[in-house]
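Now for the letters of each chain:
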Amino acid sequence: MMKLNVNGSDRQVDADPDTPLLYVLRDDLQLNAAKFGCGLGQCGSCTVIVDGKAVLSCVTPVVLLEGRKVTTLEGLGTIEAPAPIQRAFIEEQAAQCGYCIAGMMMRAQALLQRNSKPTEAEIRAELGLHLCRCGTHMRILRAMHRAAKLMQTADASPTQRRTP
Amino acid sequence: MSTVVLNRRSVLAGSGALIVSFSLRNAIAQDQGAPAATPPPPPPGSLKGAPYLDSWIRIDADGAVTVFTGKAEIGQGFRTACQQIAAEELDVPFASLKLVTADTARTANEGYTSGSNSMKDSGTAVQHAAAQVRTLLIAEAARRLELPAESLNTGNGAVMAPDGRRLDYGELVAGEMLHVQAQAKSALKDPAAYRVMGQSVPRVDIPAKVTGGAAYVQDMRLPGMLHARVVRPPGYGAELTACDTSAVEKMPGVVKIVRDGNFLAVVAAKEFQAVKAMQVLASAAKWKETAKLPKQDNLPEMLTSLPSRDEIIFQQSNPSAAAARTIEATYTRPYQAHGSIGPSCAVAQLAGDTMTVWSHTQGVYPDRQGIAEMLRVPPARVRVIHVEGSGCYGHNGADDAAADAALIARALPGVPVRVQWTREQEHAWEPFGPAMVTRMKASLDGNGAIVDWSFDVWSNTHSTRPGGAGSMLAAQHMEQPFALPAPRPIPQPEGGGDRNAIPIYKFPNAKVVHHFIPAMPLRVSAMRGLGAYHNVFSMESFMDELAVLAGADPVEFRLRHLDDKRGRDAIEKAAREFGWLNGQKAPPDRGYGFAFARYKNLAAYCAIASEVEVNRQTGRPRLVRAVAAVDSGQVVNPDGLINQIEGAILQSMSWTLYESVGFDDKRITSIDWQTYPILRFDAVPERVDVHVINRPGQPFLGSGETGQGPAAASIANAIADATGKRLRDLPLTRKRIKDAIDA
Amino acid sequence: MASPRMIGGIVAIAVIAGAIAAAAIVWRPAIAAIEPPAPQSFDSALVKRGRDLADIGNCNDCHTVRGAKDFAGGLAVPTPFGIIYSSNITPDPETGIGRWSEAAFRRAMQSGVDRDGRHLYPTFPYDHFTHVSDEDDRALYAYLMTRRPVHAPARDNQLSFPFNQRLVVAGWKLLFLRPGSYQPDLTKSTEWNRGAYLVEGLAHCGACHTPRNALGAERTRAAFAGGDVDDWHAFAINSQSPAPVPWDADALFMYLRQGWHPDHGVARGPMAQVVRNLSDVPESDVRAIATYIADMFGAPAPDRKRRGDDLLARAASRPAQPPSGGSGNAGGEALYAAACASCHGGERAPPYGGIDLALSSAISGPDARNAANTVLMGIRPREGERGPIMPGFADSMTDQQIAALLTYLRASFSHQPPWTDTAEIVRNARDTPADASKRDRP
């Protein structure tokens with residue numbers, strides 16, 4: 001048994017130390033957001049945040065995480081009370097199949113937490129590990145810019161839906 | 001004149017009534033000495049195959065409305081669009097509607113969610129069914145209120161009278177009121193009055209996807225569910241000669257090892273236990289490899305040398321046209337992979353004598369048929385329910401994973417079994433988009449107009465979908481295997497390898513030949529666009545080659561040969577929005593390219609202009625910006641449509657610049673993202689602008705596959721413009737561009 | 001008997017002569033500026049040849065800042081004496097070499113003097129380029145003069161006194177520059193000589209792979225005995241090679257051509273750009289380089305060869321069981337088993353999986369830098385190219401965890417004595433300045 005801090009709560013998990021965090025999150029803790037895309041650290045779908053840094057949960061065995069804080073997309077907000085990054089992705093409709101999106105959002109969140117005004121080039125470089133097969137890249141970039149703005153405005157009041 | 005489809009299903013479903021009335025009418029007509037009456041036209045879209053309204057719409061006593069569609073949400077936004085259509089025609093609040101998608105126990109059989117047919121087939125069916133239901137509700141209200149139907153209105157799920165009385169739909173619906181057949185034509189809402197259709201309603205599935213809600217088959221967790229992993233053979237046709245499972249059986253959490261001929265799988269309590277067991281089982285398995293794959297570096301020669309069934313699919317002749325200059329060119333495409341981001345997954349459970357399979361298959365009914373055949377049970381004992389997976393872009397590993405899950409679940413009656421494919425398995429075992437070769441020859445007359453045109457395309461089938469059990473790996477690998485059914489071409493006007501092979505342009509002389517190659521050295525099937533991707537890439541690249549020969553502007557050259565008005569509008573719109581100027585010259589190291597197609601010559605129109613920069617040192621191409629114009633008929637969700645076209649451009653860019661399946665003489669060698677690189681953010685363009693041409697009231701035109709072919713050709717034409725070199729072999733890699741610049 | 005005046009006179013003459021000599025050494029005349037030659041005036045075959053030579057010379061690596069315009073310079077090159085910024089070698093007339101004649105270009109290559117007559121710092125490795133033939137200099141000139149001109153003024157070097165005096169460079173040259181073209185060794189094959197010409201000249205391998213003395217010059221008696229670039233170690237590529245499996249010409253060719261070899265590893269750090277350039281040049285040139293360097297490695301001693309064969313045989317019979325227990329480093333062992341073994345110890349041989357670490361030079365090398373860099377940063381995907389991708393563990397592992405892991409890897413996967421300073425090396429590697437880490441992202 002080991003203790004993991006996930007989304008602010010201490011959780012007891014019965015998993016071997018070499019279990020990648022991804023399986024612990026999905027299988028043991030029934031959290032959906034981090035996805036299995038490759039299990040090889042090549043696509044970014046499994047990205048979560050550990051102590052403020054984005055990590056690939058599929059290549060991060062839980063033995064590394066004793067005493068560290070894990071945050072998943074579920075920990076950022078809900079449908080009723082979405083975090084700025086979640087609002088931004090909804091407002092930009094930045095998804096087609098949506099499978100890669102949770103990983104992108106966690107990478108975005110980690111970036112925006114340490115750099116509140118990233119340039120386009122910085123955002124693109126940050127997302128270099130992330131794959132999107134549907135071709136939603138333009139919207140993902142727009143959503144990240146939007147999230148940066150939402151995070152800056154203290155009172156993020158509901159914004160008009162962008163109509164084409 | 002359309003005919004009534006007579007098949008067992010429709011007869012049993014009650015179109016017997018139609019038949020009866022048809023023959024009665026005939027009898028009466030003949031009695032009266034009149035000629036036989038024509039049969040009534042069938043209802044539109046998928047209503048043809050499932051004409052009863054309550055197959056599509058159910059209204060409960062409390063007024064809850066449920067809409068049933070046999071199509072699936074595969075990330076293209078269909079669920080939302082379908083819900084918009086129903087809400088509009090029924091006049092109920094959008095958010096109050098519940099939509100049930102493809103499920104063999106609950107929805108009509110609409111075949112596959114493919115071919116960009118969902119809006120045309122299912123959207124149309126839902127639209128007309130909803131409209132007819134609304135008229136029925138009004139008629140019933142009129143009866144009860146003793147008012148003329150024309151005086152009544154609907155809104156917010158109720159029928160309203162001028163005097164203020166109102167009857168909710170729930171109150172009106174009684175008994176078998178909706179168990180009536182769809183009429184051929186229903187009075188549809190005036191597009192000018194649309195409140196929901198035509199609006200960019202936010203996708204209903206996105207909120208859950210961005211907050212960790214259960215959204216995919218990968219997220220399913222049933223009580224008592226076990227995790228399975230398949231150990232696939234190293235290559236096609238490999239035989240399992242030995243497998244000492246004793247070590248695996250002792251591993252923590254392992255519940256069962258399933259071995260059936262060459263099918264090998266392990267089931268464990270926890271997912272990572274299954275992963276580790278799979279690895280040990282894979283090392284314990286000994287295989288005899290039998291595959292003999294062709295040489296990768298002369299694929300086009302190999303393909304065109306295989307026996308083929310040759311069919312002239314289009315011919316037109318005008319001997320008076322005089323050819324002045326002739327050019328020819330050959331274009332090639334390698335095998336390309338769907339490369340779904342989420343490897344395939346399925347859950348199956350044998351409860352009693354019913355096998356239920358949850359799958360992201362594109363076709364729940366065909367899958368059911370295949371799985372039933374594989375399990376050697378009647379189809380009625382199998383239920384397949386669609387649950388979203390990641391984007392599939394055609395026939396990927398979804399059906400195979402479903403078959404895997406069913407086969408394993410059969411060995412563990414009562415237990416839900418989840419099968420998750422690995423990345424390597426998805427890459428190595430998915431059926432690829434077939435390699436293709438096109439050869440074109442065309443002549444210009446003295447005025448620079450095309451006077452003759454010949455187009456030959458060589459390709460495998462573009463569909464080995466189930467149907468038959470033999471389409472699925474588990475069934476092929478079992479002890480008593482099923483053979484892959486003999487491949488057949490998909491007939492025109494849809495086509496497979498010959499999709500979009502017939503030009504939309506008008507040439508005095510034209511001949512199009514489809515060389516259908518039955519032998520499949522690599523596993524192939526439908527990949528988004530089917531043959532259209534390569535056919536449009538080649539045709540639109542060749543049009544540019546001819547334009548250069550004629551000294552003409554590429555846009556003007558296309559317009560000269562196109563009389564389809566909507567096509568012309570799309571071309572002009574894209575050119576205008578791009579800033580395309582006749583005789584323009586791109587900045588140094590840059591080029592402009594243009595391309596246009598109407599998907600299948602039946603579905604949506606798409607024209608794309610692009611600007612590409614080529615680094616002359618390294619050959620690296622960079623898509624700077626792309627501007628598209630799309631005409632999809634009546635637009636249901638403009639933003640959803642734009643999303644699809646943006647996606648098409650970027651996906652096609654990846655196929656076109658990077659992608660080819662790798663293989664040696666025994667195995668597929670491109671088995672992950674290291675060995676099958678695709679588009680990453682460092683190459684994403686600066687801008688992609690999509691302009692929608694809305695056609696209110698016009699039929700829906702499928703748009704999910706309309707952008708890929710024009711995007712490829714547009715980029716290729718821009719590279720040719722930037723470098724002065726024409727590349728004809730996909731993918732247009734940095735190395736190939738560099739070598740072309742050097743030559 | 002010399003009178004004081006005579007002595008004084010002789011000393012004066014000696015000093016003056018010395019000064020004249022010194023001046024003669026220090027002072028170089030300016031070569032007249034020319035009108036920038038028209039790109040069309042250069043023969044295209046010559047330009048192409050120049051492009052290949054520039055790739056062999058890795059010119060774009062130093063003379064381009066990542067993400068900026070090719071050859072416009074501005075890259076900070078750290079040296080023990082301060083930071084030198086690479087110059088703009090686009091044909092821009094004001095800030096580049098647009099007004100340089102071919103003679104001026106050749107003089108820079110052969111003697112390290114710019115058009116104005118100023119001595120160039122040997123960070124620009126003219127101690128190697130001096131061996132380049134006039135013909136190849138002509139091709140390089142043609143290539144550079146047909147590039148896109150970029151207006152990018154030079155950045156001031158950050159050197160402290162006295163290194164910021166060009167006079168010092170003159171002294172350095174006197175001591176260390178042996179100008180002159182390559183002299184073939186007639187006892188060796190044509191291919192060997194071609195390789196020697198390229199390696200000692202344009203490819204300037206020794207600039208990274210040869211240790212330097214206190215004055216920053218290559219120690220010619222320790223040719224190819226290993227060196228340092230940024231925060232990476234450039235392995236010895238002579239008989240002192242730490243590679244567990246001895247290199248041969250075929251392996252070198254494959255490695256230089258595609259950037260990795262299953263029995264040796266992946267080119268990372270500054271070498272990544274080198275192999276990227278070499279993937280584009282004529283194959284025969286890469287073969288020649290491989291032949292020459294293989295000769296520098298020399299034939300391995302029999303027991304070293306045998307050890308290498310054993311390691312290969314063991315690696316082939318995967319999945320390898322990592323040596324367990326006895327390392328006294330349960331933490332490192334657990335980390336390897338949990339985080340690394342699935343790629344590095346399993347059935348996935350390169351290019352699909354990680355190299356068997358018993359074959360890795362980084363683990364057997366003189367210090368932990370390369371291994372630490374790789375564990376921290378991973379290996380990034382290259383646009384559109386098939387190649388290894390490895391996750392970086394900087395954000396999931398702490399310094400202590402990485403140090404424990406590296407200690408375990410060293411003990412379990414090499415025959416070499418333990419590394420010292422592993423913890424400090426990991427700490428420094430993590431704090432690597434951004435520029436150097438960008439080198440690993442071609």
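Residues numbered from 1 in each chain as written. Chains lettered and ligands numbered in written order. Predicted model: local features only at pLDDT ≥ 70, side-chain atom pairs only at ≥ 80, totals over all residues. Heavy atoms only, no water.

Chemist: Quick one: what's the story with the packing of aromatic side chains, residue by residue and with numbers?
Modeler: The final tally for this structure, using the stated rule, is 27 aromatic pairs over all chains. Among the aromatic side chains, those forming a connected cluster through ring pairs are Trp453(B), Tyr505(B), Phe507(B) and Phe542(B). The aromatic ring of Tyr99(A) is capped on one face by Lys35(A), whose charged end is 5.9 Å from the ring centroid. The ring of Phe578(B) carries the charged tip of Arg625(B) above its face, separated from the ring centre by 3.9 Å. (Phe/Tyr/Trp six-rings, centres within 6.5 Å; stacked < 30°, edge-to-face > 60°. Lys NZ or Arg CZ within 6 Å of the ring centre and 35° of its normal.)

Chemist: Just give me the short version of the nonpolar core, but keep the residues and values in it.
Modeler: Ranked by size, the top nonpolar core spans 195 residues in total, and within it Phe89(A), Met374(B), Ile408(B), Trp453(B), Phe594(B), Phe596(B) and Ile649(B) carry the most contacts. There are two domains that each give this core at least three residues, and those are domain 1 (2-73) and domain 2 (84-160) of chain A. Once residues within four sequence positions are removed from consideration, Met374(B) is found in contact with Ala403(B), Ala406(B), Leu407(B), Ala469(B), Ala474(B), Ala475(B), Met478(B) and Phe482(B). Listed in part, the 63 residues of the second largest apolar core include Leu25(A), Val50(A), Leu64(A) and Ala403(C). (Core = buried A, V, L, I, M, F, W, Y, C linked by side-chain atoms within 4.5 Å. Buried < 20%, exposed > 50% of the residue type's maximum accessible area, 1.4 Å probe, protein only. Domains from an automatic or database assignment. Contact = heavy atoms within 4.5 Å.)

Chemist: So, the interface of chain B and chain C: which residues are in play, and what are the values?
Modeler: Listed per partner, the contact involves 29 residues of chain B and 24 residues of chain C. Across the interface of chain B and chain C, roughly 2300 Å² is buried in total on both sides, 37% from carbon and sulfur atoms. Here chain B and chain C share 5 salt bridges between them. Arg148(C) serves as the salt-bridge partner of Asp589(B), at 2.8 Å between the closest nitrogen and oxygen. Looking at the side of chain B that touches chain C element by element, the count peaks at 4 residues for helix α18 (residues 734-742) of chain B. (Buried area = accessible area lost by both parts, 1.4 Å probe. Salt bridge = Lys/Arg side-chain N within 4 Å of Asp/Glu carboxyl O. Helix = DSSP H or I, 4+ residues; strand = E, 2+ residues; numbered from the N terminus.)

Chemist: Could you give me a rundown of the interface of chain A and chain B, with the residues and numbers involved?
Modeler: Taken together, the 59 residues of chain A in the interface contact 66 residues of chain B. Between chain A and chain B the total buried area reaches about 5100 Å² when both faces are included, carbon and sulfur atoms providing 55% of it. Its largest share of buried area at the contact with chain B, chain A owes to Gln96(A), Leu131(A) and Arg133(A), together 17% of the area lost on that side. For Glu646(B), the salt bridge is made with Arg142(A), and the minimal N-O distance between the two is 3.6 Å. The interface formed by chain A and chain B includes 38 residue pairs in polar contact (both at pLDDT 80 or more). Those elements giving two or more residues to the side of chain A that touches chain B turn out to be α1 (21-28), α2 (84-91), α3 (101-114) and α5 (137-152) of chain A. Tallying contributions element by element places α5(A) first for the side of chain A that touches chain B, with 6 residues. (Polar contact = N/O pair within 3.5 Å; in protein donor to acceptor, adjacent residues only side chain to side chain.)

Chemist: Quick rundown of the environment of Gln30(A)? Include the residues and the values.
Modeler: Topologically, Gln30(A) is positioned in the loop between α1 and β3 (47-50). A sequence separation of 106 residues divides Gln30(A) from Thr136(A), and the C-alpha atoms of the two residues are 27 Å apart. If sequence neighbours within four positions are ignored, Gln30(A) has contacts with Leu25(A) and Arg221(B). Separated by 3.0 Å, the side chain of Gln30(A) and the backbone oxygen of Asp27(A) make a polar contact.

Chemist: Give me helix α13 (residues 531-550) of chain B: which residues, what numbers.
Modeler: Residue and element names in this part refer to chain B. Taking 1.5 Å as the rise per residue, α13 with 20 residues should run 28 Å; its terminal C-alpha atoms sit 28 Å apart, in good agreement. With 17 of its 20 residues buried, α13 lies for the most part within the structure. Once α13 ends, the next one or two residues include Gly 551, with phi positive near 65°. (Expected span 1.5 Å × (residues − 1).)

Chemist: So what about the packing of helix α16 (residues 638-658) of chain B against helix α17 (residues 708-723) of chain B? Which residues, and what values?
Modeler: All names here are of chain B. Packing of α16 against α17 brings their axes to within 8 Å, and their N-to-C directions diverge by 55°. Overall, the two elements α16 and α17 adopt an arrangement that is oblique. α16 and α17 meet at a crossing whose hand is right-handed. Residues Ala 648, Ile 649, Gln 651, Ser 652, Met 653, Trp 655, Thr 656 and Leu 657 of α16 form the contact with α17, whose participating residues are Gln 708, Ala 711, Ala 712, Ile 715 and Ile 719. Taken together, the residues of the contact of α16 with α17 sort by class into 9 nonpolar, 4 polar and no charged. (Axes fitted to C-alpha atoms, helices over the stretch in contact; angles between N-to-C directions. Parallel < 35°, antiparallel > 145°, perpendicular 65-115°, else oblique. Left-handed = near helix turned anticlockwise from the far one by under 90°. Nonpolar A, V, L, I, M, F, W, Y, C, P; charged D, E, K, R; others polar.)

Chemist: Describe the side chain of Arg107(A), naming the residues involved and giving the relevant values.
Modeler: All names here are of chain A. Structurally, Arg 107 is set in helix α3. Glu 126 provides the closest opposite charge to the buried, salt-bridge-free Arg 107, at an N-O distance of 4.5 Å. Not counting residues within four places of it along the chain, the set of residues in contact with Arg 107 comprises Thr 47, Ala 54, Leu 56, Glu 126, Leu 127, Leu 129 and His 130. (Lys, Arg positive; Asp, Glu negative; His and termini not counted.)

Chemist: Any details on empty space enclosed by the protein? Residues and values, ideally.
Modeler: Here the idea is plain: a probe the size of a water molecule rolls over the atoms and shows the empty space left. On inspection of all chains with the given rule, the structure shows 8 cavities of 30 Å³ or more. Estimates place the volume of the largest cavity at around 90 Å³. As for the largest cavity, its lining consists of 16 residues, and the residues nearest its centre are Pro677(B), Arg680(B), Pro381(C), Arg382(C) and Gly384(C). The class makeup of the residues in the lining of the largest cavity is 8 nonpolar, 3 polar and 5 charged. (1 Å grid on protein atoms, 1.4 Å probe; cavity = no way out; pocket = protein on both sides within 12 Å on 5 of 7 lines; lining within 4 Å. Points joined across faces, edges and corners; volume = space filled by probe spheres on them.)

Chemist: Which residues make up the side chain of Ser360(C), and what values do they have?
Modeler: Within the secondary structure, Ser360(C) sits in the loop between α14 (330-344) and α15 (361-364). With sequence-adjacent residues up to four places away left out, Ser360(C) is seen in contact with Pro244(C), His264(C) and Ile355(C).

Chemist: Go over the sheet that holds strand β3 (residues 98-100) of chain B, please, and point to the residues and values.
Modeler: Strand pairing in a sheet relies on backbone hydrogen bonds. The paired strands run either parallel or antiparallel. Residues and elements named next belong to chain B. Taking strand neighbours across the sheet as the criterion, the 3 strands line up as β1-β2-β3 in an open arrangement whose pairing is mixed. Looking along the sheet, the strands with just one partner apiece sit at the ends: β1 (57-59) and β3. When strand polarity is set aside, the average angle formed by the axes of neighbouring strands in this sheet is 20°. Pairing geometry for strand β2 (residues 65-68) and β3, over 3 bridges, is parallel. Residue pairing across strands places Thr 66 opposite Lys 98, the latter belonging to β3. In the packing of helix α2 (residues 78-90) onto the sheet, contacts are made with β1, β2 and β3, and the angle to β3 comes to roughly 125°. (Pairing = 2+ DSSP bridges.)

Chemist: Help me get a handle on the confidence of the model for chain C, residues and values and all.
Modeler: Residues and elements named next belong to chain C. In this model, chain C carries a mean pLDDT of 89, and residues with pLDDT of at least 70 account for 93%. Taken together, the stretch residues 434-442 has pLDDT below 50 and engages in 24 contacts with residues farther than four places along the chain or on a different chain. Here the complex is predicted with pTM 0.92, and the ipTM for its interfaces comes to 0.94. (pLDDT = per-residue confidence, 0-100.)

Chemist: So what's going on with the confidence of the model for chain B? Which residues, and what values?
Modeler: When pLDDT is averaged along chain B, the result is 93, and 95% of the positions lie at 70 or above. Confidence over residues 1-32 of chain B falls short of pLDDT 50; this stretch has 28 contacts with residues more than four positions distant or in other chains.

Chemist: Got a sec to walk through the environment of Ile101(A)? Specific residues and values, please.
Modeler: Examined against the element boundaries, Ile101(A) turns out to sit in helix α3. Taking the C-alpha atoms as reference points, Ile101(A) and Leu29(A), separated by 72 residues in sequence, lie 20 Å from one another. Those residues within four positions of Ile101(A) in sequence are excluded, and the remaining contacts are Phe89(A), Ala94(A), Ala95(A), Ile140(A) and Val210(B).

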